[in-house]
Amino acid sequence: MAGGRVASLDEPADAARVIDAGGRTAVPGLVDAHVHLIMGGEALGRLDLSGVRSRDEFEAAIAARHEQLPPGRWLIAHGWSEENWAGRAVPDKRWLASASRPVVCHRQDLHAALVNDAVLARCDTSHDPPGGRIERDPASGEPTGLMVEAAAWTLVNPLVPRPEVAEQGRALMAAQTHLFRHGVTTVGTMEYARTVREVFEPARGRLRLRCRVILLDRGWPMDFEFGRRFVADEHLAVIGYKTFIDGTLGSRTARMFADYADDPGNRGLIIELAAQDNLNSWARAVAEAGFCPCLHAIGDEANRIALDAVEPIKGRSRCRIEHAQTVDEADVARFRDVIASMQPLHKADDGRSIDRRLGPGRRGRVFPFRRLLAAGARLAFGSDWPVVSCDPLLGVRAAVTGLTTDGELFAPGENLTVDETLRAYTAGAAHAVGLDDAGVLRPGGLGDVVVLDRDPFEADWVRRPPKVVMTIAGGEVVYDER
């Protein structure tokens, strides 16, 4: 290493620093193309319900955290999914312990929130907001406490006390440390301009993680002033803007061509700019301003809408479709030269419920890793942390083995090789965040390296995947467990 870059791949160059990996396997620094960095850092200190396996455990976890918190503090939790317990009952406000303390429990996908009466009393629940749904008891019509999509975003989220800037700064540093432990040296992170200005910019001197920001500010018409005036450096840059076309499979809000098999009459939602018929203009405006348009699309109809929007600007911008989980066969070839920003751990999670959600006949449309790669898509893998773990080696395992989180084999025809998967977590994801000299090991390339405890090409990814023992960012060791 020299000057934070790779000096040589064989003999040490003059004045280069030599870091001994002890004969272990070194790969390029891993890149997560899609995280929510501040949210991930905050989640490290919040109640995590992803391990809950029953209503009793859910209620006990909420009650225990309620007792730990001082009076007046909101109880914020995340990570629950009805797929994790027998019967798959969707929780309601009766599962929440506190009558007076406001409680907000975000579903694993972050597209729905369960709240108690103390929160509902602060919300206008007289009608569903555009692009959202307030779940109601079919007999009484009273809100159950489950707020879906815009009902969570526009009614609940603005009420939640915003952490102090100093607290968000600590969350950012905690997220950086956590990612380094997992070998991630670069991220594409989804953030609001206010957070970038108040939290990221003051932390420039402490950032060793390369943070490539995709802005979530998505009013129309677009205001690009912040992005244009932003001064980029090695560790912090604004590269794109993001919009949402639909929701998620887990919340049955991903927009499908046909009804959900387990919810007849529901095809999901089209939301925000797509619902306002401004999506194509938005994509063109983002590209013309010199930024990367990133379009959240999970359902098959949503992916077609996304492809229609980016078709006229392909080749002039790094067009990203975020998630691309369900794609009609007629649209697979249209992904050529489009960045498919996908998350293998979502396949491991959603694979448990696809047949119930969509019916076995649509299994062939979901998570088409291999078909998109064969069609010429630019695969860029990531995690969507804190929706799922940010450990990329768990993602490699999911993409290579096709195993769900329950250990069942799902859609093995879309499995990738270890080489293909690692490329999607290195060079592919680096391309997606605009860093073509990252995700590779070559003289002059960025000095980001991960050392694994065993050869990933020889490892048993089912029983004993490799693990990270050292992370090097910019030529400096930032994690070392040896």
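Conventions adopted
- Residues numbered from 1 in each chain as written.
- Predicted model: local features only at pLDDT ≥ 70, side-chain atom pairs only at ≥ 80, totals over all residues.
- Heavy atoms only, no water.
- Helix = DSSP H or I, 4+ residues; strand = E, 2+ residues; numbered from the N terminus.
- Polar contact = N/O pair within 3.5 Å; in protein donor to acceptor, adjacent residues only side chain to side chain.
- Contact = heavy atoms within 4.5 Å.
- Core = buried A, V, L, I, M, F, W, Y, C linked by side-chain atoms within 4.5 Å.
- Buried < 20%, exposed > 50% of the residue type's maximum accessible area, 1.4 Å probe, protein only.
- Salt bridge = Lys/Arg side-chain N within 4 Å of Asp/Glu carboxyl O.
- Pairing = 2+ DSSP bridges.
- Axes fitted to C-alpha atoms, helices over the stretch in contact; angles between N-to-C directions.

Engineer: Looking at this structure, I do not really get the side chain of R218. What am I missing?
Structural biologist: Within the secondary structure layout, R218 lies in the loop between β10 (210-215) and α7 (225-229). Within the local environment of R218, its side chain forms a polar contact with the side chain of E272, the two groups lying 2.5 Å apart. In contact with R218, other than residues within four places in its own chain, are Y192, K242, T243, F244, E272 and L273.

Engineer: Sorry, what's going on with the nonpolar core here?
Structural biologist: Across soluble globular proteins, nonpolar side chains show a tendency to be buried alongside one another. Counting 91 residues, the largest nonpolar core has L37, L172, W282, F335 and F381 as the members making the most contacts within it. The contact partners of F381, leaving out residues within four places of it in the chain, are V31, D32, A33, M342, P344, F369, A399, L416, T421, A424, Y425 and A429. Ranked by size, the runner-up nonpolar core spans 36 residues in total, among them W74, A151, C292 and L446.

Engineer: Explain the pattern of salt bridges to me, please; I cannot follow it from the model alone.
Structural biologist: Think of it this way: side chains of opposite charge can pair up when their charged atoms draw near. Under the counting rule described, the total for this entry stands at 43 salt bridges. Here E83 and R88 are joined by a salt bridge, their closest N and O atoms 3.4 Å apart. Taking the shortest distance from any N to any O, the salt bridge between E322 and R320 comes out at 2.7 Å. One exposure class covers both E322 and R320, and it is buried. Linked by salt bridges that have partners in common, E82, E83, R88, R107, D109, R252, D262, R356 and R357 make up one network.

Engineer: Would you take a moment to explain the sheet that holds strand β8 (residues 143-149) for this structure?
Structural biologist: For sheets, the rule is that strands pair by backbone hydrogen bonds, running either parallel or antiparallel. Read from one edge to the other, the open sheet built from six strands follows the order β3-β4-β5-β6-β8-β7, with strand pairing classed as mixed. Lying at the two open borders of the sheet, with one neighbouring strand each, are β3 (47-48) and β7 (132-136). Across five bridges, the pairing between strand β4 (residues 75-80) and strand β5 (residues 103-107) is parallel. Paired with A77 across the two strands is C105, which belongs to β5.

Engineer: Would you take a moment to explain the sheet that holds strand β2 (residues 30-35) for this structure?
Structural biologist: A sheet is described by the order of its strands in space; here eight strands give the open sequence β2-β9-β10-β11-β12-β13-β14-β15, paired in parallel fashion. In this open sheet, the two strands that pair with only one neighbour each are β2 and β15 (378-381). This sheet shows a mean twist of 25 degrees between the axes of neighbouring strands, independent of strand direction. Pairing of strand β9 (residues 184-191) with β10 involves six bridges; the strand directions are parallel. Residue pairing in the sheet places E191 in a bridge with L215 of β10.

Engineer: Help me understand the side chain of T426 in this model?
Structural biologist: For T426, the position within the fold is in the loop between α16 (418-425) and α17 (427-432). On the basis of relative accessibility, which here comes to 6%, the residue T426 falls in the buried class. In terms of polar contacts, T426 uses its side chain to reach the backbone carbonyl oxygen of L422, at 2.6 Å. Excluding anything up to four places from it in sequence, T426 contacts P28, G29, L30, V31 and G439.

Take it as geometry only, folks, not as evidence of what the structure does.
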